[in-house]
Amino acid sequence: QLSSAARQMAMGNYAVQVDTRRSDELGDLAQDFNHMANEVQRSSQMQRDLLANVSHDLRTPLTMMKAYAEMIRDLSGNNPVKREQHLNIIIEETDRLTQIVNDMLDLSKLESGAQKLDYSTFDIAQCMAEIVHRYEGVSERMGYQIHLTLDEPCMVRCDESKIDRVIGNLINNAINYTSKEDKQVFVTQRNLPQCVRIEVRDTGDGIEEDKIKLIFDKYYRSENHKREVVGTGLGLSIVKEILKMHNYNYGVNSKLGEGSTF
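Below is a short write-up of the structure. Quantities reported herein were computed from a predicted structural model and do not represent experimental measurements. (Residues numbered from 1 in each chain as written. Predicted model: local features only at pLDDT ≥ 70, side-chain atom pairs only at ≥ 80, totals over all residues. Heavy atoms only, no water.)

### Description of helix α4 (residues 124-134)
Part 1 of the reasoning: When we look at burial in α4, the residues that qualify are Ile-124, Ala-125, Cys-127, Met-128, Ile-131 and Val-132. Here the buried residues of α4 occupy an arc of 160 degrees about the axis, which is enough to place them on one side.
Part 2 of the reasoning: Near the N-terminus of α4, the side chain that reaches the backbone nitrogen of Ala-125, with its oxygen 3.0 Å away, is that of Asp-123. (Buried < 20%, exposed > 50% of the residue type's maximum accessible area, 1.4 Å probe, protein only. Helix = DSSP H or I, 4+ residues; strand = E, 2+ residues; numbered from the N terminus. Arc of directions from axis to C-beta. Polar contact = N/O pair within 3.5 Å; in protein donor to acceptor, adjacent residues only side chain to side chain.)

Okay, structure coming up:
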């Protein structure tokens, strides 16, 4: 049975299962095989979902760029005001497309080990203040309030650019999922005896308990009222890979109806 099932898996039948009623070593092996088959099937489905999501994410800015380029050609080419508006939209969509491609490339490099850590010593409180300052434009334009609570200055040693990326991605995620009524995001630094704990909290709908273990999966996308505001949908996967490279702890606490703290 195991031999036949292995051949079927090699031919692409990931739904194959074998009898696990034996209580000896072959029974244990059969259980392990079934677990492997389930994981391969899940991974295959998530890769198909990712391809569909990425195709959609790439198609949207490309469609917008083509449409506004045609409008400039046919309608607004001789109207300076309209032309500038349409060109600005093309530039914004180009930036969005670039971000999607860069996130995909960065995640691939992180997973393959091609990116190395560049350690330096810096004040994490100052770093967090600078990151939140960068979001002032988004906050004012879209009505979000980002509340920053800093502990005492604290020198840390890690890859500053990558930790900057982690905190930024967590803020992006919080903006996407926080309550659309109050639009509040809370960013906190807490100096503990053995570490610095950084928390980013939203006031959204929260995450189901059985979904929490999937939230950092590179193929997973929550359906809890996500609004396409910032980011590409790969942010938490990049967070996971960077923190794994540093050997840092990470996770999320969440309650349905109350929000999540990453």
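### A few points about the layout of surface pockets
To find leftover empty space, one rolls a probe the size of a water molecule over the atoms.
Part 1 of the reasoning: Estimates place the volume of the second largest pocket at around 690 Å³.
Part 2 of the reasoning: Taken together, 25 residues line the second largest pocket, and the ones lying closest to its centre are Val-196, Arg-197, Ile-198, Tyr-248 and Asn-249.
Part 3 of the reasoning: Secondary structure elements with two or more residues in the lining of the second largest pocket: β3 (155-159), α6 (160-177), β5 (196-202) and α8 (235-246).
Part 4 of the reasoning: Its residues placed into classes, the lining of the second largest pocket shows 17 nonpolar, five polar and three charged. (1 Å grid on protein atoms, 1.4 Å probe; cavity = no way out; pocket = protein on both sides within 12 Å on 5 of 7 lines; lining within 4 Å. Points joined across faces, edges and corners; volume = space filled by probe spheres on them. Nonpolar A, V, L, I, M, F, W, Y, C, P; charged D, E, K, R; others polar.)

### Structural notes on the pattern of salt bridges
Part 1 of the reasoning: Tallied over the full model, the rule gives 14 salt bridges.
Part 2 of the reasoning: Measuring nitrogen to oxygen at the nearest pair gives 2.7 Å for the salt bridge that ties Arg-134 to Asp-164. In this pair, Arg-134 sits in helix α4 while Asp-164 sits in helix α6, placing the two residues 30 residues apart along the sequence.
Part 3 of the reasoning: In this structure, a network of salt bridges that share partners links the residues Asp-103, Asp-106 and Arg-165. (Salt bridge = Lys/Arg side-chain N within 4 Å of Asp/Glu carboxyl O.)

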